[in-house]
Amino acid sequence: MSVLPLVFTSGWASGINAYAVVLLFGVFGATGLTDEVPESLQRTDVLVVVGVLFVCEAVADKIPYVDSIWDTAHTLIRPVSGAVVAALLAGQSGSLPEIAAGAVGGSTALMSHLVKAGTRMAVNTSPEPFSNIAVSTAEDLGVAGIITFAIFHPLAAAIVAGGLLLLGIVIIVFLAAKIRNFRRRKAERRARRRVAATWPD
């Protein structure tokens, strides 16, 4: 079970930016910083492809509404990537069955992806683009930091990732309630205006 914290953390990070996770693991493995990364993630062709996709995501993720389209397109890609990376990590260590690792990584990636997508939809209601850029940059730096931390301190990184996931879920629930209340008040105002318009002088 020693690889479980790393599997969980990689799953959380994959839900935010799957390409960054593969790229970072591959680079760390190729440079010899860790022996936990399987050879398949260190291949040059894999690193080149995910590097290009990472740049595409870094750009698309900072453009309002384009980021939501990108997130929608990655609803399947990120959980699958999280499951595959988790299974490869478990197979490399031999301490956790690959299917179980894939289930943990994939489900964690799906949850963090939904939190990310929901948060972005709320951020996109802001008329200026700077909050979008700030959130995207924070996500990129967070993924880089947590994966780097997980290489050297997997258990502590998993605790941080779990806390961030829980915090994200709480924020989404809070934002959903706010949006529902806003829409209800807006509908009530429209209804009052219609009634006022039809009321005889």
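Visitor: How should I be thinking about the pattern of salt bridges in this particular structure?
Guide: Where charged atoms from two side chains of opposite charge come close, those side chains can pair. By the definition in use, this model includes 9 salt bridges. A salt bridge links Glu57 to Arg78; the nearest nitrogen and oxygen atoms lie 3.1 Å apart. On the criterion of sequence distance, the pair formed by Glu57 in helix 2 (residues 44-60) and Arg78 in helix 4 (residues 77-93) is long-range, its members being 21 residues apart. Residue Glu57 is classed as buried on the basis of its relative accessible area, which comes to 1%.

Visitor: Help me out: how do you make sense of the environment of Leu167 in this one?
Guide: Within the secondary structure, Leu167 is located in helix 7 (residues 154-198). Distance in space between the C-alpha atoms of Leu167 and Tyr65 is 24 Å, their sequence separation being 102 residues.

Visitor: Whenever I open this one, the nonpolar core confuses me. Can you help?
Guide: Buried together is how nonpolar side chains tend to be arranged in soluble globular proteins. Grouped together as the largest cluster of nonpolar side chains are 30 residues, with contacts concentrated most on Phe25 and Ile147. Among the secondary structure elements, those contributing two or more residues to this core are helix 1 (4-30), helix 4, helix 5 (98-123), helix 6 (130-152) and helix 7. The element that contributes the greatest number of residues to this core is helix 1, accounting for 11 residues. Once residues lying within four places of it in the same chain are set aside, the contact partners of Phe25 are Leu6, Ser10, Val37, Leu41, Val85, Leu89, Ile147 and Ile151.

Visitor: Hey, could you run me through the packing of helix 5 against helix 6 in this one?
Guide: Two numbers describe a pair of packed helices, the interaxial angle and the distance between the axes. At a minimum axis distance of 10 Å, the contact between helix 5 and helix 6 shows a crossing angle of 160°. If you check the angle between helix 5 and helix 6, you find them roughly antiparallel. For the pair helix 5 and helix 6, the crossing hand works out as right-handed. Of the residues in helix 6, those in contact with Lys116, Arg120 and Val123 of helix 5 are Ser131, Asn132, Val135, Ser136 and Glu139.

Rules behind the numbers
- Residues numbered from 1 in each chain as written.
- Predicted model: local features only at pLDDT ≥ 70, side-chain atom pairs only at ≥ 80, totals over all residues.
- Heavy atoms only, no water.
- Salt bridge = Lys/Arg side-chain N within 4 Å of Asp/Glu carboxyl O.
- Helix = DSSP H or I, 4+ residues; strand = E, 2+ residues; numbered from the N terminus.
- Buried < 20%, exposed > 50% of the residue type's maximum accessible area, 1.4 Å probe, protein only.
- Core = buried A, V, L, I, M, F, W, Y, C linked by side-chain atoms within 4.5 Å.
- Contact = heavy atoms within 4.5 Å.
- Axes fitted to C-alpha atoms, helices over the stretch in contact; angles between N-to-C directions.
- Parallel < 35°, antiparallel > 145°, perpendicular 65-115°, else oblique.
- Left-handed = near helix turned anticlockwise from the far one by under 90°.

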